[in-house]
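Take a look at the letters that make up each chain.
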Amino acid sequence: MSQAHPLDVLQSYRVGSCGATTELQRAGAPGIQIDFAVERLVDDVVAGRVRAVILTGTAGDGKTHLALRILDALGLDRDAVTGAQQNSAYCKDGYLIDLDLSAGSLTPERVERLHASLASPDRLTLVCANEGKLAELQGALGRAGRSLPSAALCINLSRRAIASPDGWAKVLSGVLEGEFWGGSDGLAPGSPLSWNRRWLGDPGVAERLRRYLLLPYLLGEPITVRETLSFLAYALGGGLSSESASDLPSHEHLRYRLFNTVFGEPDGYIHGSRSVPNEKLLWWLFRFDPGAQASPGTDLRLLMDLDRLGTVSPPPGDLLAMRQNDLVVRESEKSDTSYRERLARFMRYARRWYALASEEGFAAYFPFRHFETFTQALNATVEERVKLLPGLVQGLNRLLSGNREDSHKKLYLYHLAGEGSRSSVCIYNTNDPVKASQLSVVTDLELSQEADGPADAYLERFPRRLYLVYDPQPEVRLPISLLLYEVLQSAAGSEGAFPATLWRKERDTVTRFMGALGQAVGADDDEICLTIAGPDKALWELEHTPGEELVVQ
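In this text, all values refer to a predicted model and were calculated from it rather than measured experimentally.

Novice: Explain the overall build of the protein to me, please; I cannot follow it from the model alone.
Specialist: Of the regular secondary structure elements, the protein holds 23 helices and twelve strands. A burial count over the protein gives 51% of its 553 residues as buried.

Now the structure itself:
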């Protein structure tokens, strides 16, 4: 059989294609193998160190892929195991293997069999279930007075941080150095695929792309292996097959450069036409497209000194050619409309290139000003994060009180009255400020009791959120996502008091925290000021006597 072209292999990994899921991949077909930490589970199962395992997570996390790796290592016949799934599970020679808990109903008999096998496994009990179906199993066990046996190792693959430095390095190694490139010697060096592969292999470019991929992760989106492979397949090949690439004229190469395919509209896919995008990572990056943002000083350098920037390798010649050929008003043009369109297209491409080509461009066109300090805080010690407290406290005070200054690093007890985010009323209590010394900043992994558990040893982990914790009662804590951190730091900064409006979810989160904090410190209502935000965003303050009914018109 002839060697498959790398473009065709990559294209097969796009969502909806023949290699997008393990179940669809043909036996013996060239594939992408990534050496994730969870692959150690295969050796531990074969050695008998793990006898009962539950693999859970969302679609695309790799449950089936890992399960089939285990079957192959044990010498079990894949077809026999998958064929037995119509009877809910493969049960033979001491093995109980349920590759899809969603196949068939959870009858009392099936639940009892699963519990017994997980509690006292023979050679192996292996169960694959999405998080919803696993919760259903746990509910059925609870109604029967049981719980998941402690002997079972439950690995939630959605807890993997694919965009962490460790996870990203493994993904890139699997994609850029995989065996499917074996027949790529004949690829033209100047082809988009060859150029993209070489460029993504640059550590600086790869790291800046990783930081873009961190955006949806830090904003709460689960990023799966399937989505990441689909994204990289498109970014490297632009949706081209080997046949279409061979007919690609040179003047079209620019469209398929990595910096355009990363941030551009995916081929054959229109954003907004579906409620749940099939290629979520591409959709998120499209939202943060540096080509849609302006940085006047940097834009001027791109126009005037594109070929003399010096800090990065020169851009591809077709970008320089576009500037030289397209940014000149032509004699036949009777208006500047065409010129403006060409200029806009050039700047979109140039900004995208520079955003990935250099730290300077990344800083100029990246959508979050405080991203770097947030990611640094995620990896800092609790002691080092103490330095964040003044800014976070001041940001909360300004945000909730209508720009009141806090010069003493104290968190006053503000909370929203009525229906949380659906109310415009803010109550300000000055009597019981919480000192910064009573607060600490930790990460979600530090708060998680499972962070050092045996299952997490198989996963690449990376903190996603910070927490502002009230130390006397640690259960009173404010989860701070990247977005909320950006808002608080901007509110505390010298640029102005009110940054971008909080999303409703974030606003409700702050409201709940302030309410819990007020209860924890026993707020005294002797002095209350009612602040009302009017339709024109003006603020009025009204006196209020404790004990009287609070009326808001």
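Novice: What is the right way to read unusual backbone geometry from this model?
Specialist: Phi is mostly negative for residues that are not glycine, and the peptide bonds are mostly trans. Here the phi dihedral of serine 88 falls at roughly 85°; this positive angle occurs in a residue that is not glycine. Of note, serine 88 is situated in the loop between helix H4 (78-83) and strand S2 (90-92). Judged by its relative accessible area of 15%, serine 88 is buried. Even without being a glycine, aspartate 93 presents a positive backbone phi close to 55°.

Novice: Help me understand a nonpolar patch on the surface, please; the structure alone is not making it clear to me.
Specialist: Taken together, the side chains of Leu300, Leu303 and Met304 define a hydrophobic patch exposed on the protein surface, amounting to about 280 Å² of accessible area. Topologically, leucine 303 is positioned in helix H14 (residues 296-304).

Novice: Help me out: how do you make sense of the packing of aromatic side chains in this one?
Specialist: Going through the model one piece at a time under the given rule, you end up with 14 aromatic pairs. If you follow arginine 160 out to its NZ or CZ, it ends over the ring of phenylalanine 36, 4.6 Å from the centre.

Novice: I'm lost on the environment of alanine 103 in this one. Help?
Specialist: By the element assignment, alanine 103 lies in the loop between strand S3 (95-98) and helix H5 (108-119). Sequence separation between alanine 103 and glutamine 85 is 18 residues; the distance between their C-alpha atoms is 7.1 Å. In contact with alanine 103, not counting residues within four places along its chain, are Gln85, Ser88 and Arg110.

Novice: How do you make sense of the sheet that holds strand S4 (residues 124-130) when you look at a structure like this?
Specialist: Whether parallel or antiparallel, the strands of a sheet pair through hydrogen bonds between backbone atoms. Read across the open sheet, the five strands follow the order S2-S3-S4-S1-S5; overall the sheet is mixed. If you trace the sheet from one side to the other, it starts and ends with S2 and strand S5 (153-156), each paired once. If you compare each strand with its neighbour and ignore which way they point, the axes differ by 10° on average. When S3 meets S4, the two strands line up parallel, connected through four bridges. Among the inter-strand pairings, leucine 96 is bridged to a residue of S4, identified as threonine 125. Of the strands in this sheet, strand S1 (52-57), S3 and S4 touch helix H3 (residues 63-74), which is tilted by about 165° from S4. Relative to the sheet, helix H6 (residues 131-143) contacts S1, S4 and S5, its axis offset from that of S4 by approximately 115°.

Novice: Honestly, the sheet that holds strand S10 (residues 477-480) in this entry has me stumped. Any pointers?
Specialist: Ordered by their spatial adjacency, three strands build an open sheet running S8-S9-S10, and the pairing between neighbours is antiparallel. Looking along the sheet, the strands with just one partner apiece sit at the ends: strand S8 (439-443) and S10. Mean inter-strand twist for the sheet, computed between neighbouring axes without regard to direction, equals 20°. Alignment of S8 against strand S9 (residues 466-470), held across five bridges, turns out to be antiparallel. Residue pairing in the sheet places serine 440 in a bridge with valine 469 of S9. Packing of helix H18 (residues 371-378) onto the sheet brings it into contact with S8, S9 and S10, and relative to S9 it is tilted by some 65°. Most of the contacts of helix H22 (residues 482-492) go to S10, to which it runs at about 100°, and overall it touches S9 and S10.

Novice: Can you walk me through the environment of asparagine 260 in this structure?
Specialist: Positionally, asparagine 260 belongs in helix H12 (residues 258-263). Spatially, the C-alpha atom of asparagine 260 lies 8.8 Å from that of arginine 348, the residues being 88 residues apart in sequence.

Novice: What should I look at first to understand the pairing of S4 in this one?
Specialist: Each regular strand carries side chains that alternate between the two faces of the sheet. Along S4, six of the seven residues are buried, which leaves the element largely enclosed by surrounding structure. Both S1 and S4 contribute to a ladder of six bridges, which runs parallel. Residue pairing for S4: isoleucine 54 is matched across the bridge by valine 127.

Novice: Looking at this structure, I do not really get the nonpolar core. What am I missing?
Specialist: One broad rule of soluble globular proteins: the nonpolar side chains tend to lie buried together. Residues Leu41, Ile155 and Trp353 are the most contacted members of the largest nonpolar core, which totals 136 residues. Non-local contacts of leucine 41, meaning those with residues more than four positions away in its chain, are made with Val50, Val53, Leu55, Leu66, Ile70, Leu153, Ile155 and Tyr458. Counting residues in each nonpolar core, the second largest holds 16 residues, with Ala89, Leu101, Leu118 and Leu141 among its members.

Novice: I keep staring at helix H10 (residues 225-237) and nothing clicks. Help me out?
Specialist: Because each turn of an α-helix spans 3.6 residues, side chains separated by three or four positions end up pointing in the same direction. Over its 13 residues, H10 runs 18 Å from end to end, which matches the ideal 18 Å to within 8%, given 1.5 Å per residue. Burial runs high along H10: twelve of the 13 residues are buried. Those residues of H10 that sit buried are Val225, Glu227, Thr228, Leu229, Ser230, Phe231, Leu232, Ala233, Tyr234, Ala235, Leu236 and Gly237. Contacts from the buried residues of H10 go to helix H1 (6-12), helix H7 (165-176), helix H8 (192-200), helix H9 (203-218), H12 and helix H13 (280-287). Glycine 238 occupies a position one or two residues after H10 and carries a positive phi of about 65°.

Novice: Please clarify how the environment of glycine 16 should be interpreted in this entry.
Specialist: With respect to the helices and strands, the residue glycine 16 is situated in the loop between H1 and helix H2 (40-46). Assessed through its relative accessible area of 73%, glycine 16 is described here as exposed. Spatially, the C-alpha atom of glycine 16 lies 9.7 Å from that of glutamate 279, the residues being 263 residues apart in sequence.

Novice: Is there a simple way to explain the pairing of S10 in this structure?
Specialist: Here S9 runs beside S10; their pairing, made up of four bridges, is antiparallel. What sits directly across from valine 469, in S10, is arginine 477. Counted between consecutive antiparallel strands, the loop separating S9 from S10 contains six residues.

Novice: Is there a simple way to explain the packing of H9 against helix H16 (residues 337-357) in this structure?
Specialist: A pair of packed helices is captured by two measures, namely the crossing angle of their axes and the spacing between those axes. Their axes nearest at 8 Å, the elements H9 and H16 cross at an angle of 105°. One element, H9, and the other, H16, form an angle in the roughly perpendicular class. The residues of H16 that touch H9, namely those facing Val205, Arg208, Leu209 and Tyr212, are Ala355, Leu356 and Ala357. The residue inventory of the contact of H9 with H16, partitioned by class, reads six nonpolar, no polar and one charged.

Novice: Mind showing me how you'd approach the pattern of salt bridges here?
Specialist: Any two side chains of opposite charge can pair, on the condition that their charged atoms come close. Taken as a whole, this structure holds 27 salt bridges when the rule is applied. Notably, a salt bridge pairs aspartate 307 with arginine 323, separated by 3.3 Å at the nearest N-O pair. Of the two residues, aspartate 307 is situated in the loop between H14 and helix H15 (317-326) and arginine 323 in helix H15; the sequence distance between them amounts to 16 residues. The class for aspartate 307 is partly exposed, based on a relative accessible area of 40%. If you follow the salt bridges from partner to partner, you end up with Glu207, Arg208, Arg210, Arg211, Glu359 and Glu372 in one network.

Criteria and thresholds
Residues numbered from 1 in each chain as written. Predicted model: local features only at pLDDT ≥ 70, side-chain atom pairs only at ≥ 80, totals over all residues. Heavy atoms only, no water. Helix = DSSP H or I, 4+ residues; strand = E, 2+ residues; numbered from the N terminus. Buried < 20%, exposed > 50% of the residue type's maximum accessible area, 1.4 Å probe, protein only. Patch = residues over 30% accessible without salt bridge, like charges linked within 9 Å, V, L, I, M, F, W, Y side chains within 5 Å. Areas by Shrake-Rupley, 256 points an atom, 1.4 Å probe, with all protein chains shown as cover. Salt bridge = Lys/Arg side-chain N within 4 Å of Asp/Glu carboxyl O. Phe/Tyr/Trp six-rings, centres within 6.5 Å; stacked < 30°, edge-to-face > 60°. Lys NZ or Arg CZ within 6 Å of the ring centre and 35° of its normal. Contact = heavy atoms within 4.5 Å. Pairing = 2+ DSSP bridges. Axes fitted to C-alpha atoms, helices over the stretch in contact; angles between N-to-C directions. Core = buried A, V, L, I, M, F, W, Y, C linked by side-chain atoms within 4.5 Å. Expected span 1.5 Å × (residues − 1). Parallel < 35°, antiparallel > 145°, perpendicular 65-115°, else oblique. Nonpolar A, V, L, I, M, F, W, Y, C, P; charged D, E, K, R; others polar.

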